[in-house]
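Residue strings, one per chain:
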Amino acid sequence: MEQFAVLTTDERGIGAGVIESCQRGDREAFRALFETYKDRVFSVALYFFGGDDALASDVTQQVFLKLFTRIAQFRHESEFTTWLYRLTTNVCIDEQRRRRRFDPLAAIAPHKTPRARDAAEERVMRGEVACEIASAVAGLKPKLRIAILLKYFEELSYAEIAAALGCSPGTVASRINRGHKILARRLGHLRGTVFHES
Amino acid sequence: MKVELDNIFGRHAARRLSAFAHGELSDAEAARVAEHLRSCATCRAEFDEIKFGIRLAETLPAREAPASLWGGIEASLARDSAPRARRATGARFRSLTTSRLAVVSCALVLLLVGGVAWLHFRPSPGGAWDVSAVAGAPTVGQSRVEKRGRLTVGEWLETDARSRAVLRVADIGEVEIDPGTRLRLVETGQTEHRIELEHGRVSARVAAPPRVFFVDTPSAVAADLGCAYTLEVDGAGRGLLQVTSGWVALEAKGRESKVPAGASCATQPGAPPGTPYFGDATPAFVVALSRFDFAQGGDEALSVVLEEARARDTLTLWHLLARTEASGAGCGRRPAASDDGKQRPSGGARNITGAGRVATGARGVRRRSLL
């Protein structure tokens, strides 16, 4: 979890001045906003689409282009991050719908065959376990997947996720709970090896 | 802000365990869950599973966005800001309010009105089609189409994320062009009109004899048989045709799929066109069909198609009949030779060839146990 700097809302966000500069068309402010959020948006897109770098790059570009072209409409009635993550969610889900229409096979969740337990430690070294977890996350239903990703990559509270997704905190709690259970079930073969029981 | 979950709290605490682990419950609720966990072995086991799920999710590493991303965004922003700059220049020009300028402006307006009227009412000569901007500013070649323009043979028409256009297909119909589309006029004449759709989405309405209007895509050619349809091509060259009236033929690799109103058909580069299916077919039917057409799904995929087929799906089965025959029983399965060297079916009546199974399926739709 070192990569996820635990930031407070103030630290991880950007000031209202930057947003107002963006609304005036200030290119430097756009750049500052992009630099602040690009990795988080990219990570969400990457794991939403099962580790497809090219697609995640394309989705990230779409998110920021929409953000910049619509930022004049942002009225500070909600948190800027809520607005950003709602946009990210919509772009991810729209892109997935579009891809499914072209390729119904994309609707089939990718599943990797579990391998022998005795090689687990070695696979950690090679990052294969991370790939296996990413694959299991990609296999979650989109509504569960985006809730999990917003929780773990954006470190949002349930209330913030609910605002971004347009549902109740109770629904978010239910989706995250189901997501955890499915991950635990699908990756049960990793229990007690890589993830020693505490 | 703590989550209030009283309405979902039943005898067990299973549905709120993630919220409990994430510290999302109010103090009172957290205390109730903790108390429950002490006395309920079922929920303790469930909580272990949730904690394992949390540890798995926490393991996913964050990734840095590629450094090249900003370049693409900046280029798009620059393209969008160009018209704004032109509008600003125009505003400065208008501020020079001299009488000479007013006279010149009137003359320009008259010329503009005359030009627009001429563009609108003139007959469409061979070799070029009229383009109307519906939203934003599409481009033809390097020029922006502010309202109306012309697309000549060989020129590319492109719409960005916020622009739309309508293309007049000589005197036989029109094509609506959605945002994010790039197409080229290949040919226009008495007997054939043809465009190349590189990517994006178009909706065509054509009133002409069959096989006069064609759309080339990276994965197939759509031949109009007198109809209206939508054709979409993604960045990988995969296509999806949805016909709203009449018929369209999709052709590639020596194979043709005839698609009627209400049906869709997918195409992929390097493969013959997919098998048409009606839009209300079951998701399992559509997925199995895609596996059969593009992912060597063979026997297994065909079985699902037959299981899921409804009476209305005879369109699909009719196409499959020819395809399974053409591919030697459809699943690469040949009759096995017996000990005496004679060819005979590899099994009994339940082990019939792909073509036979499709034929059986076409006769006996609604039967759910064909195999």
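Thresholds applied
- Residues numbered from 1 in each chain as written.
- Chains lettered and ligands numbered in written order.
- Predicted model: local features only at pLDDT ≥ 70, side-chain atom pairs only at ≥ 80, totals over all residues.
- Heavy atoms only, no water.
- Phe/Tyr/Trp six-rings, centres within 6.5 Å; stacked < 30°, edge-to-face > 60°.
- Helix = DSSP H or I, 4+ residues; strand = E, 2+ residues; numbered from the N terminus.
- Lys NZ or Arg CZ within 6 Å of the ring centre and 35° of its normal.
- Buried < 20%, exposed > 50% of the residue type's maximum accessible area, 1.4 Å probe, protein only.
- Contact = heavy atoms within 4.5 Å.
- Salt bridge = Lys/Arg side-chain N within 4 Å of Asp/Glu carboxyl O.

> Looking at this model, I keep getting lost on the packing of aromatic side chains. Mind explaining?
For any pair of aromatic rings, the description rests on two quantities: the centre-to-centre distance and the angle between the ring planes. This structure, assessed with the given rule, holds 12 aromatic pairs over all chains. Relative to Trp83 of chain A, the ring of Phe80 of chain A lies with its centre 6.2 Å away and its plane at 50°, an arrangement referred to as tilted. Of the two residues, Phe80 of chain A and Trp83 of chain A both sit in helix α5 (residues 80–102), 3 residues apart, roughly one turn of that helix. These aromatic residues form a ring-pair network of at least three members: Phe30, Phe34, Phe64 and Phe68 of chain A together with Trp70 of chain B. Over the ring of Phe48 of chain A we find Arg145 of chain A, and its NZ or CZ is 4.3 Å from the ring centre. A cation over a ring is seen here: Arg191 of chain A above Phe52 of chain B, with NZ or CZ 4.4 Å from the ring centre.

> Looking at this structure, how should I read helix α9 (residues 158–165) of chain A?
One full turn of an α-helix is made of 3.6 residues, so residues set three or four places apart face in the same direction. Among the residues making up α9 of chain A, those that are buried are Tyr158, Ala159, Ile161, Ala162 and Ala164 of chain A. Summarising the contacts, the buried residues of α9 of chain A are in contact with α5, α8 (142–153) and α10 (169–186) of chain A together with α1 (17–21) of chain B. Positive phi appears at Gly166 of chain A, one or two residues downstream of α9 of chain A, with a value of about 70°.

> Mind showing me how you'd approach the pattern of salt bridges here?
Charged atoms that come close allow side chains of opposite charge to pair. Residue and element names in this part refer to chain B. Under the criterion given, the structure shown has 30 salt bridges over all chains. We note a salt bridge from Glu146 to Arg144, for which the minimum N-O separation is 3.7 Å. Among the residues examined, Glu146 registers a relative accessible area of 52% and is labelled exposed. The exposure class of Arg144 is partly exposed, given its relative accessible area of 31%.

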